Amino acid sequence: MSGPILLTGVTGQVGGELAQVLKSYGEVIAPTRSEMNLADVTSVRKTIQSIRPRWIVNPAAYTAVDKAESEPELAYAINAEAVGAIGEEAYRIAAGVIHFSTDYVFAGTGSAPFREEDETGPVSVYGASKLAGEGALQRSGAACLIFRTSWVYGATGKNFLKTILKAARERERLRVVADQNGAPTWSRDLARMTSEVIRQIESSARPGELAEALASRQGIYHAAGAGETTWHGFAVEAINRLRERHPEARLAEVDAITTAEYPTPARRPLNSRLSCDRLAKTFGWKMIDWHDSLREVMAEL
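Residues numbered from 1 in each chain as written. Predicted model: local features only at pLDDT ≥ 70, side-chain atom pairs only at ≥ 80, totals over all residues. Heavy atoms only, no water.

A. The arrangement of the overall build of the protein in detail. Of the regular secondary structure elements, the protein holds 10 helices and 12 strands. Computed over C-alpha atoms, the radius of gyration of the protein comes to 19 Å, within 12% of the 19 Å expected from 2.2 N^0.38 for 301 residues, which places it in the range of a compact globule. C-alpha extents for the protein along the principal axes are approximately 60 × 40 × 35 Å. The buried share of the protein, taken over its 301 residues, is 53%. Considering only intrachain contacts with a sequence separation of at least 6, the fraction spanning at least 24 residues in the protein is 81%. (Helix = DSSP H or I, 4+ residues; strand = E, 2+ residues; numbered from the N terminus. Rg over C-alpha atoms; globule rule 2.2 N^0.38 Å. Buried < 20%, exposed > 50% of the residue type's maximum accessible area, 1.4 Å probe, protein only. Contact = heavy atoms within 4.5 Å.)

Laid out in structure tokens, this is it:
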């Protein structure tokens, strides 16, 4: 590859996995927050201008869903303004951009899996800021791929699985929402998918013509774990597997509750199902079923 990869959010779940799998392409530059502050577009632009990467891979985001309701300016700065700046600078140097978005761009109505072309309608500041970022990136003119995902988790970082397993050891009963539907997505599967997409595009790119190779396949793709469940179903499955490994342990029972019984500052979509058919058709990649990823992740814990 003729230039480095600029990777944001290396301390996050997806960024950490990407840092490992992208090494095979050569130099991966992962600036710290002080070196590239996503809340400051000037910092973002200067970093890209100095590095002049071939690819910019951006899993970084403001992800404090509830806190975003009281910090909308910061959420938009990181999730929208910075993404637009990334796109504009990438366009100037003909770099490719891979950006990660979320199921929260949808209102979450109905029960059918959302397709990429379906109408959006975020119900939270976080979702709205991520949708604004998608739009800013697409308007920038950069050759880009946007991967919407959902319910990300893994063996490292803060996530629902690690939280629920810790709580199950400490408490007798847990109350978990059972009317929000979606699919847990393994951070490593997202990283591997990203690596494969880069490989395919690089294999068809002529020297110095990355944007041209990206042009026919750029756009939005859904990339979430296969299958579906609820947060309650995910919790029950995880605790049952922990119980199988440690039959002597006293673990919490899990009660199913409604979203209304667990009020939060930010609304959550009830339907987070995402159709990943476009990803499979274009790149031949099928996301791993959440049952299988859960088995692999728990083997690492």
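Picking up where we left off.
B. Region of interest: the nonpolar core. Within the largest apolar cluster, 30 residues are counted, with the highest numbers of intra-cluster contacts made by Leu 38, Val 44, Ile 48, Ile 56 and Val 97. For this core, the secondary structure elements donating two or more residues are α2 (41–51), α3 (72–93), α4 (125–139) and β5 (143–149). Per element, the largest residue contribution to this core is eight residues, and it comes from α3. Here Ile 56 is in contact with Leu 6, Ile 48, Ile 86, Ala 90, Gly 96, Val 97 and Ile 98, once residues within four sequence places are set aside. Counting residues in hydrophobic clusters, the runner-up holds 29 residues, among them Leu 18, Ala 191, Val 197 and Ile 198. (Core = buried A, V, L, I, M, F, W, Y, C linked by side-chain atoms within 4.5 Å.)

C. Quick peek at the pairing of β5. Most of β5 is tucked away, with seven of its seven residues classed as buried. Burial of the side chains of β5 extends over both faces: Ala 143, Leu 145, Phe 147 and Thr 149 are buried on one face and Cys 144, Ile 146 and Arg 148 on the other. Two elements, strand β4 (residues 96–102) and β5, share seven bridges in a ladder whose sense is parallel. Following the sheet pairing, His 99 is matched in β5 by Ile 146. As defined by bridge partners, β5 adjoins strand β10 (residues 219–222) across four bridges and the pair is classed as parallel. Paired with Phe 147 across the strands is Tyr 221, a residue of β10. (Pairing = 2+ DSSP bridges.)

D. Seen up close, the packing of aromatic side chains. The tally for this structure, following the rule as stated, stands at 10 aromatic pairs. When the centroid spacing of 6.0 Å and the interplanar angle of 40° are considered together, the rings of Phe 100 and Phe 147 count as tilted. Here Phe 147 lies in strand β5 and Phe 100 lies in strand β4, a separation of 47 residues in the sequence. The same class applies to Phe 100 and to Phe 147, which are both buried. Ring centres 5.9 Å apart and planes at 45° place the aromatic pair Phe 147 and Tyr 221 in the tilted group. With Phe 147 in strand β5 and Tyr 221 in strand β10, this residue pair connects regions lying 74 residues apart in the sequence. On the basis of relative accessible area, Phe 147 is assigned to the buried category, the value being 0%. (Phe/Tyr/Trp six-rings, centres within 6.5 Å; stacked < 30°, edge-to-face > 60°.)

E. Quick peek at the pattern of salt bridges. In this structure the tally under the stated criterion is 21 salt bridges. Between Arg 188 and Glu 300 there is a salt bridge; the shortest N-O distance is 2.6 Å. Linking Arg 188 in helix α6 (residues 187–204) with Glu 300 in helix α10 (residues 290–300), this pair joins segments that are 112 residues apart in sequence. A relative accessible area of 41% means that Glu 300 is categorised as partly exposed. In this structure, Arg 295 and Asp 292 form a salt bridge, with 3.3 Å as the shortest nitrogen-oxygen distance. Here Arg 295 and its partner Asp 292 are both found in helix α10, three residues apart, which amounts to about one turn of the helix. Since its relative accessible area comes to 46%, Arg 295 is described here as partly exposed. What emerges from the salt-bridge pattern is a single network uniting Arg 115, Glu 116, Glu 117, Asp 277 and Arg 278. (Salt bridge = Lys/Arg side-chain N within 4 Å of Asp/Glu carboxyl O.)

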